[in-house]
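For reference, the chains in residue letters:
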Amino acid sequence: MDNVVVYYESWQMQCCGEPFGVGDTVSWRVAIGSDHRSKTSWKYDFIEDHHYLYDDSKYRITGRVERIAMEFSYKEEKRDIVEYDKIPKQWVEVKGTVDGWDFPKNAFGLGYYIKLSNVKLELAKDDE
């Protein structure tokens, strides 16, 4: 399987994710993306989920990172709650490593779209 897109929410990376970059081989627990697409702007095939938030987070995906695009928004000063569907979003391609804290100054980091090649998808073990 080639050229799949994984969405990785920034808060999951900030909490306890491992930094990664273009050219790296990664292995993540994921859910099928079609059930979760309403939360983001771009389409993706899988959503990374090492906190077991989604009932279908039962797969492990391994692949080589070909491209990364970060998604973010500049928060309005008087806004306390961010409603994803209502905020303007921006995207920037990332050439280096991401760590969850690398969004532009004063921006609210939403997540990363990661294009993988040489993909292997399998059922995850319960302890992964």
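Use the structure listed above.
What this report covers is the structure whose coordinates are included nearby. Note that the structure is a prediction, hence the values are computed from the model and not measured. (Residues numbered from 1 in each chain as written. Predicted model: local features only at pLDDT ≥ 70, side-chain atom pairs only at ≥ 80, totals over all residues. Heavy atoms only, no water.)

1. What about the packing of aromatic side chains?
So, step 1. For the structure shown, the criterion picks out 8 aromatic pairs.
So, step 2. Where Y8 meets F20, the ring centres are 6.0 Å apart and the plane angle is 25 degrees; that geometry is what we call stacked. Placement of Y8 in strand β1 (residues 4-9) and of F20 in strand β2 (residues 20-21) is noted, with a sequence separation of 12 residues between them.
So, step 3. By relative accessible area, which is 2% here, Y8 ends up buried.
So, step 4. With relative accessibility at 2%, the residue F20 sits in the buried group.
So, step 5. A connected cluster of aromatic rings, assembled from ring pairs, spans Y7, Y44 and Y113. (Phe/Tyr/Trp six-rings, centres within 6.5 Å; stacked < 30°, edge-to-face > 60°. Helix = DSSP H or I, 4+ residues; strand = E, 2+ residues; numbered from the N terminus. Buried < 20%, exposed > 50% of the residue type's maximum accessible area, 1.4 Å probe, protein only.)

2. Thoughts on the nonpolar core
So, step 1. If you look at the biggest cluster of nonpolar residues, it comprises 23 residues, and the most contacted ones within it are F20, W28, I61, Y112, I114 and L116.
So, step 2. For this core, the elements supplying multiple residues, two or more each, are β1, β3 (25-32), β5 (59-74) and β8 (107-123).
So, step 3. Sorting elements by how many residues they give to this core places β5 first, with 6 residues.
So, step 4. Not counting chain neighbours up to four residues away, the residues in contact with W28 comprise V6, Y8, F20, E48, Y59, R60, I61 and I114.
So, step 5. Residues A31, Y44, A69 and L110 belong to the second largest nonpolar core, which totals 9 residues. (Core = buried A, V, L, I, M, F, W, Y, C linked by side-chain atoms within 4.5 Å. Contact = heavy atoms within 4.5 Å.)

3. What to know about the pairing of β5
So, step 1. When β3 meets β5, the two strands line up antiparallel, connected through 6 bridges. Bridge pairing in β5 links R29 to R60.
So, step 2. Pairing analysis gives 14 bridges linking β5 to β8, with the strands arranged antiparallel. Bridging across to β8, Y74 finds its partner in A107.
So, step 3. Note: β5 against strand β6 (residues 90-94), 5 bridges, orientation antiparallel. Paired with I68 across the two strands is V94, which belongs to β6. (Pairing = 2+ DSSP bridges.)

The values reported here are purely geometric and, on their own, carry no functional implication.
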